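If you want the building blocks of each chain, they are given just below.
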Amino acid sequence: MSLWVKTNRFIKTIFPKYVWDIPNTEKKVYLTFDDGPIPEVTEWVLDQLNQFNAKATFFCIGDNIQKYPEIFQKIIDDHHSIGNHTFNHLKGWQTSLEEYIENTEKCAEVIANYNTKTPNTRLFRPPYGKIKPSQAKALRHSGYKIIMWDVISMDFDATVTPEKCLENVVNNIESGSIIVFHDSVKAWQNLEYVLPKTLAFLKKKEFVCEKLN
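Read on for a plain summary of the structure.

Analysis parameters
- Residues numbered from 1 in each chain as written.
- Predicted model: local features only at pLDDT ≥ 70, side-chain atom pairs only at ≥ 80, totals over all residues.
- Heavy atoms only, no water.
- Axes fitted to C-alpha atoms, helices over the stretch in contact; angles between N-to-C directions.
- Helix = DSSP H or I, 4+ residues; strand = E, 2+ residues; numbered from the N terminus.
- Parallel < 35°, antiparallel > 145°, perpendicular 65-115°, else oblique.
- Contact = heavy atoms within 4.5 Å.
- Nonpolar A, V, L, I, M, F, W, Y, C, P; charged D, E, K, R; others polar.
- Buried < 20%, exposed > 50% of the residue type's maximum accessible area, 1.4 Å probe, protein only.
- Pairing = 2+ DSSP bridges.
- Right-handed = clockwise from strand over helix to strand, strands pointing away.
- Left-handed = near helix turned anticlockwise from the far one by under 90°.

1. A short note on the packing of helix H2 (residues 41-51) against helix H8 (residues 188-204)
How two helices sit against one another is set out by the angle between their axes and by the gap between those axes. In contact at an axis separation of 10 Å, H2 and H8 are set at 10° when each is read in the N-to-C sense. In terms of their interaxial angle, H2 and H8 are classed as roughly parallel. Counted together, Val 41, Trp 44, Val 45, Gln 48 and Leu 49 of H2 and Trp 188, Leu 191, Glu 192, Leu 195, Pro 196 and Leu 199 of H8 form the full contact between these two elements. Grouping the constituent residues of the contact of H2 with H8 by class yields nine nonpolar, one polar and one charged.

Here it is in structure tokens:
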């Protein structure tokens, strides 16, 4: 599903129970960051968001939360939303239903242990955007919202230049868009260039960056 920078409308129609965007007439957009928390990168992202008074949603890996709880706490203290991204960044297509759910719940337990403000977050994004229907059904049955995206920056792809990455975002954002970035070492080269310029673009166009609930 990450082949499209802008998610095809047909895909949204085929998978209507996933959240692809949040249509509104108030010029609200939803920045999301996957794979953290990570030293330096996540903290830099938080600084950038603070400079523009922007809120975002961080889909965190449970293992990273355990390794860097103080950075996770900074995300919470800055009043951003937290989402579940499994404990070990599992690819759903290559994982059994039982293992996938257990790994997700393990991440949920870690989130609850370190996040006393909103311990029972029910936002979930499947790593790689790949999840089996059985896995998605089980998670929805447990109360999770499966959060996908309207625009993906491709910041994690080393073959995508920073300039192209920025183009991917600013040329495709519209009111209601859920946009994917990654607060990861792998994405850093692109993210460092793209995020400040994206935030400046959104401010100039009078978009409001909101967190998911």
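2. Here's the deal with the pairing of strand S1 (residues 28-34)
By the criterion of burial, S1 is predominantly enclosed, with six of the seven residues buried. Examined bridge by bridge, S1 and strand S8 (residues 208-209) share two bridges and lie parallel to one another. Of the residues in S8, the one forming a bridge with Lys 28 is Val 208. Pairing geometry for S1 and strand S2 (residues 56-60), over four bridges, is parallel. By the bridge assignment, Phe 33 is partnered in S2 with Phe 58. Traced from S1 through H2 to S2, the parallel crossover comes out right-handed.

3. Quick word on unusual backbone geometry
Residues Gly 36 and Pro 37 are joined by a peptide bond in cis, for which omega reads -5°. Relative to the helices and strands, Pro 37 is located in the loop between S1 and H2. Unlike most non-glycine residues, His 89 shows phi in positive territory, near 55°. You can see His 89 is positioned in the loop between strand S3 (81-84) and helix H5 (97-114).

4. Things to note about the packing of helix H7 (residues 162-170) against H8
Running from N to C, H7 and H8 cross one another at 35°; their axes reach a closest spacing of 9 Å. H8 is crossed by H7, and the crossing has right-handed handedness. Taking contact as the criterion, the partners of Pro 162, Glu 163, Cys 165, Leu 166, Val 169 and Val 170 in H7 are, on H8, Gln 189, Asn 190, Tyr 193, Val 194, Lys 197, Thr 198 and Phe 201. For the contact of H7 with H8, a count of residues per class yields eight nonpolar, three polar and two charged.

5. Some details on the pairing of S2
For S2, the buried fraction is high: five of the five residues fall into the buried class. Burial along S2 is two-sided: the residues Ala 56, Phe 58 and Cys 60 and Thr 57 and Phe 59 are all buried. With four bridges joining them, S2 and S3 adopt parallel strand pairing. Paired with Cys 60 across the two strands is Asn 84, which belongs to S3.

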